Amino acid sequence: MATRREFLAASSASLVAARIRPSARTVARADGVAPEPGWFDRPMRWAQLTLVENDPGRYDRQFWLDYFARLHADGACLSAGGVVAYYPTKIPLHHRSAWMGNADPFGDLFAGCRRLGMAVIARTDPHAVHQDVYDAHPDWIAVDAEGQKRRHWASPELWVTCALGPYNFEFMTAVHKEIASSYAVDGIFSNRWSGSGMCYCEHCRRNFRAATGFELPRTTDVRDAARRAHFEWQQDRLFELWRRWDREIRAMNPRARFIANSGGGALSPLDMRTIGELSDILFADRQARRGATPIWVNGKSAKEYRAALGSKPIGGIFSVGVEEPYRWKDSVQADAEVRMWVAEGTANGMRPWFTKFSATLYDTRWLATVEQIYAWHYRAERYLRNVRPLARVGLVYSQQTATFYGGERARERVEDHTLGVYQALVEARVPFEMVHDRLLDRDHLQAFALLVLPNIACLSNAQCDELRAFVRAGGSLIATLETSLYDEHGARRSDFGLADLFGVRFDGRIEGPMQNSYLRLERDGATGAFHPLLAGLEEAPRIINGVRRVDVTPVVGAAVPLTLIPSYPDLPMEMVYPRLEKTDRGQLFAREIGRGRIVYFPWDIDRTFWEVMAPDHGRLLANAVRWAANEEPPVTVTGPGVLDVTIWRQQESLTVHLVNLTNPMAMRGPIRELIPLPAQRVHIRLPEGGAAKRVHLLVGDRAPAVDRAPGYVDVTVPAILDHEVVAVDL
Ligand SMILES: [Zn+2]
């Protein structure tokens, strides 16, 4: 157990912190008996120093502590143990830094951060060990499919550990207990704790056979029974480990937690619903962009984590270096790139966490950038303590669809559909949240008027029932392609699970990839008018089709604004003429059920938009969202450019964040220049009964021109460089 002295030291540090930060809402218990009811919500700005083995005795500790103070950082993550221990560990085989001598580099930094009133979590990394561990416990080392023990891919003198056996369950448990009992840390954050790929070691073989009766699978085919069993078993094993570490850490210090470096969107391996239940605080490790990553991906991470964690605090880990596959860990990004990445996280409700590898600095250019970002964040803190988002649109993501339907091709078959809708919503300036498909109950959905299901192929009967209940309660749906055509384990149904909502029947055929296919715009047979879904496209007799489509037959009356012009040859050029200029095959179905509206696209409009970015597809998606939501949006922003718009409620205010994504490097490559956007008109619907008092621009730091009408404020934002926040005191 933590000694009373250590515990009181930790509590009084929190008290000091609570006193110097007027916005802190949690108060430490001075009696030293009951745990503080959650330190988790207090830190707003995190600092992480990941020591390298030769830092001790070499780096300037006071420099870092002074920097943390200048940043107003109120949370720290400090390297403690695992592959290298930075404190005088007594655990055999726990490798002490060869440079630390008799010192306690972790303990010294810990004490320094406590004096600054910071929350402190200790970092461990259990994924690699030295030769002496291999010699003493060869069974702790991960084994590849060929039966070879795995050397570390980047540091060949090290060995990769098995995450599911005694190394983690016994050795790392002892390490975590030692850290939690020696220092009154607020938690232990473990990096790369969940394994480095499939392991065929003796423990995995034996434990998997005992649990399931199967031999370890050697295929990646998710239809294979052993593969599926392994997927479940590995999750169970890792969550068992998570619970064990959390229990042992809490036994030493009830206020502390195990905090896993895990989580994410549809392609992330561990079930986010369980992660959300186990976590009081979590951090999204999205350090930088690589390849063709849009700048808005950092905001997307925030939304994915929030879908599972709700209002619990989420930190956004950003690096200041260039990543890419070549991992220049000691590098520095352009100032504009760091600013934009963090602005996207902040606008989407994440608290910034910078991470620096190596306490010895080889390039100091980032220091001023991060200091500037954090200084603004500190000044604006009152308006960044969000209570809830006010978005009315939910974009559903599904890990089970990625696993059991996407499999090896999940990026293309699942994630690219989501990315297409995401881009369309950003371009349409629609504030939205993401929604986890295993959290579709009434409580999780009540904030939303509309859910978008981008090829959410795998849905259980129970999940379909929850979506039906959402529609019965007045909610609307947009769905694409094979949504609900498979059960939760990827077995194809004879018809859509949501056929009754879509108003169509599956005809048994999926076509694609299609070349040179089109969609014909149809007028309403009775009125001769175009459906609102086609707004802005009226001049077009036809637009391009997607690439994959599902054959369906309507079974109830619905508007059918688009029909199929089937694929015809695209070569030789002499052969390029439509064989059929018109069919009655509907390619878009729109209907109303009570107050709810349903839009079903039996083709991959979302994925094709992501690949091709045809403006007609973007417009169709935006029209679908506007028509289906069937209400005035909480905020409308008018003006040129591409902006990510989010809207939030705080205790006594409302904010609209505007992140300027108008940049040639927004979708790929580091942003090297910020290009100001001209004036934007921001039309804000006030919450029921709310009246706007002061209106302020938090980045421009001035009062904008405001028009007030009952229930609304109209704000003119004169220019936006990277990020602006309209704050309305209520
Ligand atoms: Zn193993």
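The preceding data block contains the structure.
For clarity, every value in this text was computed on a predicted model and none was experimentally measured.

What counts as what
Residues numbered from 1 in each chain as written. Predicted model: local features only at pLDDT ≥ 70, side-chain atom pairs only at ≥ 80, totals over all residues. Heavy atoms only, no water. Core = buried A, V, L, I, M, F, W, Y, C linked by side-chain atoms within 4.5 Å. Buried < 20%, exposed > 50% of the residue type's maximum accessible area, 1.4 Å probe, protein only. Helix = DSSP H or I, 4+ residues; strand = E, 2+ residues; numbered from the N terminus. Contact = heavy atoms within 4.5 Å. Donors = N, O, S within 2.8 Å, 3.2 Å for Na, K, Ca; no water. Tetrahedral: all angles 85-135°; square planar, octahedral: opposite > 155°, others 65-115°. Patch = residues over 30% accessible without salt bridge, like charges linked within 9 Å, V, L, I, M, F, W, Y side chains within 5 Å. Areas by Shrake-Rupley, 256 points an atom, 1.4 Å probe, with all protein chains shown as cover. Salt bridge = Lys/Arg side-chain N within 4 Å of Asp/Glu carboxyl O. Phe/Tyr/Trp six-rings, centres within 6.5 Å; stacked < 30°, edge-to-face > 60°. Lys NZ or Arg CZ within 6 Å of the ring centre and 35° of its normal. Pairing = 2+ DSSP bridges. Axes fitted to C-alpha atoms, helices over the stretch in contact; angles between N-to-C directions. Parallel < 35°, antiparallel > 145°, perpendicular 65-115°, else oblique. Left-handed = near helix turned anticlockwise from the far one by under 90°. Nonpolar A, V, L, I, M, F, W, Y, C, P; charged D, E, K, R; others polar.

**Overview of the nonpolar core**
At step 1: Formed by 194 residues in total, the largest nonpolar core has its most connected members in Phe68, Phe106, Phe354, Phe496 and Leu620.
At step 2: With 9 residues, the single largest contributor to this core is helix α7 (residues 225–252).
At step 3: Excluding residues within four positions of it along the chain, Phe106 makes contact with Leu78, Ser79, Ala80, Tyr86, Tyr87, Ala122, Tyr183 and Val185.
At step 4: By size, the runner-up hydrophobic cluster in this structure holds 23 residues, among which are Leu654, Leu677, Val682 and Val728.

**Focus: the coordination of the zinc ion**
Geometry sets the ideal angles at a metal, namely 109.5 degrees for four tetrahedral donors and 90 or 180 degrees for six octahedral donors.
At step 1: Of the protein atoms, only Cys162 (SG), Cys199 (SG), Cys201 (SG) and Cys204 (SG) coordinate the zinc ion, at distances of 2.3 Å.
At step 2: Around the zinc ion sit 4 donor atoms; with metal-centred angles ranging over 103 to 117°, the donor geometry is tetrahedral.

**Focus: a nonpolar patch on the surface**
At step 1: A contiguous nonpolar patch, built from Val322, Tyr326 and Trp328 and spanning about 350 Å² of accessible area, is present on the exposed surface.
At step 2: Inspection of the secondary structure assignment puts Tyr326 in the loop between β9 (314–319) and α10 (335–347).

**Thoughts on the packing of aromatic side chains**
At step 1: Across all of its chains, the model carries 44 aromatic pairs by this definition.
At step 2: Pairing Trp64 with Phe68 gives two aromatic rings, centres 6.4 Å apart and planes at 55°, and the pair type is tilted. Here the residue Trp64 and the residue Phe68 both occupy positions in helix α2 (residues 61–71), the gap between them amounting to 4 residues, near one helical turn.
At step 3: Trp64 sits in the buried class, given a relative accessible area of 1%.
At step 4: Ring centres of Tyr422 and Phe432 lie 4.7 Å apart, and the angle between their planes is 75°; on these two criteria the pair is classed as edge-to-face. Residue Tyr422 is found in helix α14 (residues 410–427), and its partner Phe432 is found in strand β13 (residues 432–436); the two are separated by 10 residues along the sequence. Neither residue differs from the other here; Tyr422 and Phe432 are each classed as buried.
At step 5: Linked through ring pairs, Phe63, Trp64, Tyr67, Phe68, Phe354, Trp366 and Tyr374 together constitute an aromatic cluster.
At step 6: Directly above the ring of Tyr577 sits Arg579, whose terminal nitrogen or CZ lies 3.9 Å from the centroid.

**Comments concerning the sheet that holds strand β8 (residues 282–285)**
At step 1: In spatial order, the strands read β7-β6-β3-β2-β1-β10-β9-β8; together these 8 strands make up an open sheet with parallel pairing. Single-partner strands in this sheet number two, and they are β7 (257–260) and β8. When the angles between neighbouring strand axes are averaged without regard to direction, this sheet yields 30°.
At step 2: Across 4 bridges, the pairing between strand β6 (residues 187–190) and β7 is parallel. Following the sheet pairing, Ile188 is matched in β7 by Phe258.
At step 3: On top of the sheet, α7 reaches β6 and β7; it is set at about 145° to β7, its chief contact.
At step 4: Across the sheet, helix α11 (residues 366–379) touches β1 (46–50), β9 and β10 (351–357), and the angle it forms with β10 is around 160°.

**Considering the packing of helix α18 (residues 605–612) against helix α19 (residues 615–629)**
At step 1: Where α18 contacts α19, the two axes come as close as 9 Å, and the packing angle between them is 140°. Considering their axes alone, α18 and α19 lie oblique with respect to each other. The element α18 and its partner α19 pack so that their crossing is left-handed. Across from Ile605, Asp606, Thr608 and Phe609 in α18, the residues of α19 making contact are His617, Gly618, Leu620 and Leu621.
At step 2: A breakdown of the residues in the contact of α18 with α19 according to their chemical character gives 4 nonpolar, 3 polar and 1 charged.

**Observations concerning unusual backbone geometry**
Where the residue is not glycine, phi is negative for most of them; where a peptide bond is considered, it is trans in most cases.
At step 1: Across the junction of Gly512 and Pro513, the peptide omega takes the value 0°, indicating a cis bond.
At step 2: Its place among the elements puts Pro513 in the loop between β16 (504–511) and β17 (518–521).
At step 3: The omega torsion of the bond from Leu571 to Pro572 falls at -20°, within 30 degrees of zero and hence cis.
At step 4: If you trace the backbone, Pro572 turns up in the loop between β20 (559–565) and β21 (586–593).
At step 5: Not every positive phi belongs to a glycine, and Arg429 is a case in point at roughly 60°.

**Focus on the sheet that holds strand β24 (residues 643–650)**
At step 1: Taken together, the 5 strands give an open sheet; going across it, the order is β11-β24-β25-β30-β27, and neighbouring strands pair in antiparallel fashion. Either end of the sheet is taken by a strand with one partner, and the two such strands are β11 (386–389) and β27 (695–697). Direction aside, the axes of adjacent strands within the sheet are offset by 25° on average.
At step 2: Pairing analysis gives 7 bridges linking strand β25 (residues 653–660) to strand β30 (residues 723–729), with the strands arranged antiparallel. Residue pairing for β30: Leu658 is matched across the bridge by Glu724.

**Let's talk about the pattern of salt bridges**
Any two side chains of opposite charge can pair, on the condition that their charged atoms come close.
At step 1: Across all of its chains, the model carries 45 salt bridges by this definition.
At step 2: A salt bridge links Arg365 to Asp363, with the nearest nitrogen and oxygen atoms 2.7 Å apart.
At step 3: Put simply, Glu482 and Arg413 hold a salt bridge, and the shortest N to O gap is 3.9 Å. Placement of the pair is Glu482 in the loop between β15 (476–480) and α17 (499–502) and Arg413 in helix α14, with a sequence separation of 69 residues.
At step 4: Each of Asp41, Arg45, Asp74, Arg351, Glu381 and Arg385 takes part in one network of salt bridges that share partners.

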